[in-house]
Amino acid sequence: MRNDNVVSRLGRWWGRGADRRSAAASAASTAFAGEATAPASMPDAALSSAGAVSAGGAFAGSLDSAGGGEPVIGRRGAVESGGGAEQVRRRSLLAAAGVLGLTGGAVTVATTTSSGPAKAAEGVTKKITMYAVALPGNQFGYGLTPETATIPGPVLEMYEGDTLEITLVNTTNQRLSIHPHGVDYSTDSDGAPFNNSFNAPGETRKYVWRSHEMTATSGRRFTPGSAGYWHYHDHAMGTDHGTAGLIKGLYGALIVRRRGDILPDKQFTVVFNDMQINNKVAPNTPMFEANLGQRVEWIAIGHGNFFHTFHVHAHRWADNRTGYLEGPSDPSPVVDNKDLNPGNSFGFQVVAGEAVGPGAWMYHCHVQSHSDTGMAGIFLVRNADGTMPPGAQEAIDRFNGHQHAAAAAAKAGAQSQANAGAAQSQATAGAAQSPTTAGTAQTHVHGGTGQ
Ligand SMILES: [Cu+2]
């Protein structure tokens, strides 16, 4: 379940940016040729690992992250054939790439069929097999094998212009389907029973999802591309809307990337489903882990019957398509909290611990009655070398204890802890923004929230 080297290589190549225009003729053909041949031999080329499990392995092997706190992140040896070690400014290159994407990339690409890049941008078809599987506890999950079905299902990824051909194997005795948001599909790939698009019990069925790049319509008008943080879910179990399938776990993240987008080191999928997170309630909600400085991609999805707000402590993102500012004058507001309602999805990237340091940080629904009843979890930012920062384990232990007892214990016990700096637990945790030391930050967060 790797976001395999083809996808990574493609992204890295585009990530080089600055003089990719001149490099295109030689490099593009290599990169895209590799991608085009990927599906046959590597059917999971479009995939990264299941949301609840960090995808660090998939990305860490192919990406170099230069550490936290730096707006400029170097990459080395981004292209195997690209001539050795090279440090580039990803953010500035990204801005350059965006401009090129409009003037020399996507638009030209959509109307040209002869040049190398244009041909590449037509995309490739990736074929995968997904399994819908009954899980313990009357739950269901999607998996790339019957044995690895999870809640949420695997993160599916494609580049704008690509097609994803999904063979869905229904191993259950229930009617179900897979229905995507954000991409292009025909009615027979809709996943909706009224279109006769579903898997009967035990049935195998193919679904085809297409995507497209931004194109110029006329004048200054542009037709949006498919890029975005989307999602997929059942639309047939229980009711014609898949209400039973959704509540029981048949959902996952779908990412359509624009060429040139920065690829993350890790991915976390967080689904606010009714009053649970990934069908779990604190303290059994997923603990997402990253090392200080790693680029972390969050994909947030809402399902069920309630409105929610998604909040991560001590990390902020740009409220745009990617979550990172795409230029010095990018007008996107910077937020650390965003509505996450049924059917919604968004994603963003942050650098773990940037400006705040490592520690056990919290993510949660900010509707108070929701966080109080278990819609909360931990974002553990380890030290850059992977070791635990001071106080983090204690914070995790508090989180895992009874919530109110833990809060009381945190306050009572703070004075006696060896780390005197950790004693300033507060009644509210919303202000956990100050650039504190790691030990202070954790106790501050967790002693304060009582989660
Ligand atoms: Cu909520």
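Scroll up a little and you will see the structure.
Reading the values: rules and limits
Residues numbered from 1 in each chain as written. Predicted model: local features only at pLDDT ≥ 70, side-chain atom pairs only at ≥ 80, totals over all residues. Heavy atoms only, no water. Salt bridge = Lys/Arg side-chain N within 4 Å of Asp/Glu carboxyl O. Helix = DSSP H or I, 4+ residues; strand = E, 2+ residues; numbered from the N terminus. Buried < 20%, exposed > 50% of the residue type's maximum accessible area, 1.4 Å probe, protein only. Pairing = 2+ DSSP bridges. Core = buried A, V, L, I, M, F, W, Y, C linked by side-chain atoms within 4.5 Å. Contact = heavy atoms within 4.5 Å. Axes fitted to C-alpha atoms, helices over the stretch in contact; angles between N-to-C directions. Polar contact = N/O pair within 3.5 Å; in protein donor to acceptor, adjacent residues only side chain to side chain.

Peer 1: Any chance you could explain the pattern of salt bridges here in plain terms?
Peer 2: Pairing between side chains of opposite charge can happen when the charged atoms of each approach one another. In total, this model carries 11 salt bridges according to the counting rule given. Across the salt bridge formed by Glu289 and Arg382, the nearest N and O atoms sit 2.7 Å from each other. Residue Glu289 is found in strand S14 (residues 287-291), and its partner Arg382 is found in strand S22 (residues 376-382); the two are separated by 93 residues along the sequence. In this structure, a network of salt bridges that share partners links the residues Lys126, Asp162, Glu213 and Arg259.

Peer 1: Hey, could you run me through the pairing of strand S16 (residues 308-312) in this one?
Peer 2: For a regular strand, side-chain orientation follows a simple rule: the groups alternate between the two sheet faces. Most of S16 sits inside the fold, with 5 of its 5 residues counted as buried. In S16, alternate side chains face the same way, and those of His308, Phe310 and Val312 on one face and Thr309 and His311 on the other are all buried. Of the pairings in the sheet, the one linking S16 to strand S19 (residues 337-340) comprises 4 bridges and is antiparallel in character. Note that in S19 the partner of Thr309 across the bridge is Asp339. Bridge analysis of S16 against strand S21 (residues 359-365) gives 3 bridges, and the strand direction is antiparallel. What sits directly across from Val312, in S21, is Tyr363.

Peer 1: Explain the pairing of strand S10 (residues 228-233) here, please?
Peer 2: The element S10 is largely enclosed, with a buried count of 5 among its 6 residues. One ladder, built from 2 bridges, connects strand S6 (residues 179-180) with S10; its direction is antiparallel. Paired with Pro180 across the strands is Tyr232, a residue of S10. One ladder, built from 6 bridges, connects S10 with strand S11 (residues 251-257); its direction is antiparallel. Residue pairing across strands places Trp230 opposite Leu254, the latter belonging to S11.

Peer 1: In this structure, what is going on with the nonpolar core? I would like to understand it.
Peer 2: Soluble globular proteins tend to pack their nonpolar side chains together in the buried interior. In this structure, Trp298, Phe310, Tyr363 and Phe379 are the most contacted members of the largest nonpolar core, which totals 26 residues. Breaking this core down by element, the ones donating at least two residues are strand S12 (266-273), S14, strand S15 (295-303), S16, strand S20 (345-351), S21 and S22. Among all residues touching Phe379, those that are not within four sequence positions of it are Phe268, Phe288, Ala290, Val296, Trp298, Val312, His315, Ala352, Gly359, Ala360, Trp361 and Tyr363. Met158, Val183, Tyr232 and Val256 belong to the second largest nonpolar core, which has 22 residues in total.

Peer 1: Explain the sheet that holds S22 to me, please; I cannot follow it from the model alone.
Peer 2: Pairing between the strands of a sheet is mediated by backbone hydrogen bonds and can be parallel or antiparallel. On the basis of which strands lie adjacent, the open sheet formed by 5 strands has the order S14-S22-S21-S16-S19 and mixed pairing. The outermost strands of the open sheet, each flanked by one partner alone, are S14 and S19. Averaged over all adjacent pairs, the angle separating strand axes in this sheet is 20°, with direction ignored.

Peer 1: What should I look at first to understand unusual backbone geometry in this one?
Peer 2: Peptide bonds are mostly trans, and most non-glycine residues show a negative phi. The linkage connecting Ile151 with the following residue, Pro152, adopts the cis geometry, with an omega of -5°. Within the element layout of this structure, Pro152 appears in the loop between strand S3 (139-143) and strand S4 (154-159). Backbone geometry at Asn138 places phi at a positive 60°, although glycine is not the residue there. Within the fold, Asn138 resides in the loop between strand S2 (125-135) and S3. By relative accessible area, Asn138 is classed as exposed at 51%. Phi at Asn196 is positive, roughly 60°, even though this residue is not glycine. Looking at where Asn196 falls in the secondary structure, it is placed in the loop between S6 and strand S7 (204-210).

Peer 1: Got a minute to help me understand the sheet that holds S2 in this structure?
Peer 2: Pairing is mixed in the open sheet, where 4 strands are placed in the order S3-S2-S5-S7. Unpaired on one side and paired on the other, S3 and S7 mark the two borders of the sheet. On average, each strand axis in the sheet is tilted by 25° relative to the strand beside it, whichever way the strands run. Both strand S5 (residues 163-170) and S7 contribute to a ladder of 7 bridges, which runs antiparallel. By the bridge assignment for S7, Thr167 is matched with Lys206.

Peer 1: Where do I start with the side chain of Gln267 in this structure?
Peer 2: The residue Gln267 is located in strand S12 in this model. Gln267 sits in the buried class, given a relative accessible area of 1%. Polar side-chain contacts of Gln267 include one of 2.9 Å to the side chain of Glu157. Of the polar contacts made by the side chain of Gln267, one reaches the side chain of Glu297; its length is 2.8 Å.

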